[in-house]
Amino acid sequence: MIQANSDAIIRMFHVHKRYGNKFALKDVTLEISKNDFLFVTGRSGAGKTTLLKLLYLGEPVTEGQVLIDGMNLSRIGQGRIPVLRRKFGIIFQDYKLILTKTVYENVALVLEAAGRKPRLIDKKVRSVLRTVGMEDRMNALPQSLSGGEQQRVAVARAAVGDPKIILADEPTGSLDEEAAEVIMTFLDDFHARGSTVIVATHDKKLLERRNSRVVQLRDGQLWSDELH
Amino acid sequence: MKRFFKRAINDLRENQFLAAITVVTIALSILIASAFALFFINAGELLTQWQKGIRMMVYLKPDVSEAARLDTKFRIQGVAGVQEATYISKEEAMERLKGQMPHHSALLENLKENPLPDAFEVTLEAAARDSVQLQFLSERIQALEPVEEVEYGQQWIQRFSSVINLFSIAGYGIGALFFMATVFIVANTIRLVLYSRRDEIEIMRLVGATDRFIKIPFYLEGMIQGALGTTIGLVALYIGYFSLSSHFQPSLASGLLTLRFFPVLVCVSIVAGGTVVGWLGCWISLKQFMK
């Protein structure tokens, strides 16, 4: 097990999550340091997505405590939830792009929501779209893009606000090997720039490609936590 | 704020059909409620004009002496609410009648005896022109000994006043009903928009948008729809009013009444009211949706 450290940006203490009578997570205690690159793995239904959701308050914990960058999630009011979520850049397996908005608008939304000035928004959005190779498609609607392209836009959206933590839920789940590699390269870049990256995946190939910390869940319980 | 306006306008464009339904509904509600109000205002105006023109005719018994007549004049003028009492002899009354009925003057010439009574034409102070005061005044004057009859078209005034009062109550009722219906419809159309865009709203929340950031464009949409619907309703009413008044005005011009539209200030207030209705509908649906 990884020992507790003072550099932790995420702390979970004896966290339980229950849906009705069924436990999705059972007594999970976990610390994640700043600038960690962490894989959360396990079979389908092991609790990977639930664990990520608890971090950005997509779901409340049933029992236990979660601390994110000094914020105790069981104590923050409704009005502080947006502040918490701006600490994260989230990449969803189904991309979650707004279909009626262009690539540019989807990415710009994060900065608009944070109240950034239009000039800064324009500069940052163009820059991040350039990084993920989508600058020439910035006026396209998501439905006209391939899965790989949509995921690149999702990565751009996750990164544009310079978040402290990037959460990626099965980011390569529906992509071919080449597109998956591109996405992982971007995540490596963001990690290299100082972000903490947490990737939930059941793809063993991803775990083999690099030396990272891997947390394995089994039936909602923390089964192992080790460096690969 | 400019950014929120831009988003609101874009949202309205993207949901043109729902927006159009809301605007048309508001326009129809405003059209009907305002038509009622306009009718009420003009009918009220008509009543006021009639009341301004009210002259009480006090007919004297036959063979009243000049002294008694003078005494009666002073007594009538002494009654509170009376402005002036002018004596009209039966000869003068006949001349007036002939002037008013030029085609029947021959008929009037052939009368052996003047059947008209001597009378006083009584003008009234403004405060005495409502039906209750008129009734009171007429009873006071009727009580004078030389007076045969007092006439001022009381039944007409009373009936018309009651109709106007009835319209006034119905107008308020209908106004309140349309207000509630419009708020309900706006709330429901906004709710439909919210449901059709629930994924988008969820995504906004996930990327850290505050409720304020999400709500403001919806409020602006509601207010724009309210203002637009009200303006269209008023324009439609004005067109209806214009064609009606140009059709009826020539026959009304010779009478007491000139048809009127709402003053500009009232129009502005109605548009402001419609804007508030749009905001209120939005507030109701957002309150339920954003729990």
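Note: the structure precedes this text.
All values derive from a computational prediction rather than experimental measurement.

A. Quick peek at the overall build of chain A. Secondary structure assignment for chain A yields 7 helices and 10 strands. Expressed as a percentage of its 228 residues, the buried residues of chain A come to 53%. Contacts spanning at least 24 positions in sequence make up 69% of the contacts within chain A whose residues lie at least 6 apart. Element-wise, carbon and sulfur atoms account for 46% of the exposed surface of chain A, whose accessible area totals about 10,900 Å².

B. Region of the structure containing the pairing of strand 1 (residues 8-19) of chain A. Residues and elements named next belong to chain A. Relative to strand 2 (residues 22-33), strand 1 runs antiparallel, the two being bridged by 8 bridges. Each residue of the ladder has a partner; that of Ile10, found in strand 2, is Ile32. What sits between the antiparallel neighbours strand 1 and strand 2 is a turn of 2 residues, in which Gly20 has the positive phi angle 65 degrees. Pairing between strand 1 and strand 4 (residues 63-68): 5 bridges, direction antiparallel. Pairing of Ile10 across the sheet is with Ile68, part of strand 4.

C. Broad picture of the packing of helix 5 (residues 147-159) of chain A against helix 6 (residues 177-192) of chain A. Residue and element names in this part refer to chain A. Remark: helix 5 packs on helix 6, axes separated minimally by 10 Å, with the N-to-C direction vectors making an angle of 10 degrees. When the axes of helix 5 and helix 6 are compared, the pair comes out roughly parallel. In this structure, helix 5 uses Gly148, Gln151, Arg152, Val155 and Ala159 to contact helix 6, whose residues at the interface are Ala179, Val182, Ile183, Phe186 and Phe190. Residue composition of the contact of helix 5 with helix 6, by class: 7 nonpolar, 2 polar and 1 charged.

D. Structural detail: the nonpolar core. Grouped together as the largest cluster of nonpolar side chains are 76 residues, with contacts concentrated most on Val125, Leu129 and Leu187 of chain A. Per-element tally for this core: the top contributor is helix 9 (residues 211-253) of chain B, with 9 residues. Excluding residues within four positions of it along the chain, Val125 of chain A makes contact with Tyr104, Val107, Ala108, Leu111 and Val160 of chain A. Within the second largest apolar cluster, 35 residues are counted, among which are Met12, Leu25 and Leu167 of chain A together with Leu206 of chain B.

E. Structural detail: empty space enclosed by the protein. Residue and element names in this part refer to chain A. In the structure shown here, the tally under the stated rule is 2 cavities of 30 Å³ or more. Size it by volume and the largest cavity reaches roughly 50 Å³. Considering the residues around the largest cavity, the lining is formed by Thr49, Leu52, Lys53, Tyr56, Ile90, Ile91, Phe92, Leu167, Ala168 and Asp169. Sorting the residues of the lining of the largest cavity by element identifies helix 1 (48-55), strand 6 (88-91) and strand 7 (165-169) as the ones contributing at least two each. Among the residues forming the lining of the largest cavity, the class breakdown is 7 nonpolar, 1 polar and 2 charged.

F. Structural detail: helix 1 (residues 2-14) of chain B. All names here are of chain B. Relative to the 18 Å expected for 13 residues at 1.5 Å per residue, helix 1 spans 18 Å between its end C-alpha atoms, a close match to the ideal helical length. Those residues of helix 1 that fall on the buried side of the exposure criterion are Phe4, Arg7, Ala8, Asp11 and Leu12. Across the axial projection of helix 1, the buried residues extend over an arc of 135 degrees, all falling on one side. Exposed residues lying more than 90 degrees from the buried face of helix 1 are Lys2, Lys6 and Arg13.

G. Quick peek at the pattern of salt bridges. If you walk through the whole model with that rule in mind, you get 22 salt bridges over all chains. Between Lys61 of chain B and Glu145 of chain B there is a salt bridge whose closest N-O contact spans 3.7 Å. Of the two residues, Lys61 of chain B sits in the loop between strand 1 (55-60) and helix 3 (66-78) while Glu145 of chain B sits in the loop between helix 6 (131-142) and strand 4 (147-151), which places them 84 residues apart along the sequence. The class of Glu145 of chain B is exposed, set by a relative accessible area of 61%. Close ionic contact of Asp211 of chain B with Arg205 of chain B constitutes a salt bridge, the shortest N to O distance being 3.5 Å. Each of Lys101 of chain A together with Asp11, Arg197, Glu200 and Glu221 of chain B takes part in a single network of salt bridges with overlapping partners.

What counts and how
For every chain, the first residue of its written sequence is number 1, and the numbers climb from 1 along that sequence. Here every chain gets a letter starting at A, and every ligand a number starting at 1, in the order they are written. At least 70 in pLDDT is required for a residue's local features to be given in this predicted model, at least 80 for side-chain atom pairs to be given and counted, and no such filter applies to totals for whole chains, interfaces and linings, which use all residues. As a rule here, side-chain values cover all heavy atoms of the structure and leave hydrogens and water aside. To qualify as a helix, a DSSP run of H or I must reach at least 4 residues; to qualify as a strand, a run of E must reach at least 2; elements of each kind are numbered from the N terminus. Partly exposed residues are those whose accessible area sits between 20% and 50% of the maximum for their type, while under 20% is buried and over 50% is exposed, using a 1.4 Å probe and protein chains only. In this analysis, two residues are considered to be in contact whenever any of their non-hydrogen atoms come within 4.5 Å of each other. Per-residue accessibility takes into account occlusion by the displayed protein chains alone, with areas from the Shrake-Rupley method and a 1.4 Å probe. Between any two strands, pairing holds if DSSP finds at least two bridges. Every axis corresponds to a line fitted to the C-alpha atoms, with the helix fit spanning only the stretch in contact, and the corresponding angles, defined between N-to-C directions, vary from 0 to 180 degrees. Throughout, the term roughly parallel applies to angles under 35 degrees, roughly antiparallel to angles over 145, roughly perpendicular to angles from 65 to 115, and oblique to all others. Asp, Glu, Lys and Arg are counted as charged, while Ala, Val, Leu, Ile, Met, Phe, Trp, Tyr, Cys and Pro are counted as nonpolar; the rest, among them Gly, fall into the polar class. Grouping buried Ala, Val, Leu, Ile, Met, Phe, Trp, Tyr and Cys residues that are joined through side-chain atoms within 4.5 Å yields what is termed a nonpolar core. Every definition here rests on a 1 Å grid over the protein atoms only: cavities are sets of points where a 1.4 Å probe fits but cannot get out, pockets are open sets enclosed by protein on both sides within 12 Å along at least five of seven lines, and lining residues have some atom within 4 Å of a point. Grid points are joined across faces, edges and corners, and a volume is the space filled by probe spheres set on the points. Multiplying 1.5 Å by the residue count of a helix minus one yields the expected span of that helix. Directions pointing from the helix axis toward each C-beta atom define the arc. The salt bridge criterion pairs a side-chain nitrogen of Lys or Arg with a carboxyl oxygen of Asp or Glu, the two atoms within 4 Å.

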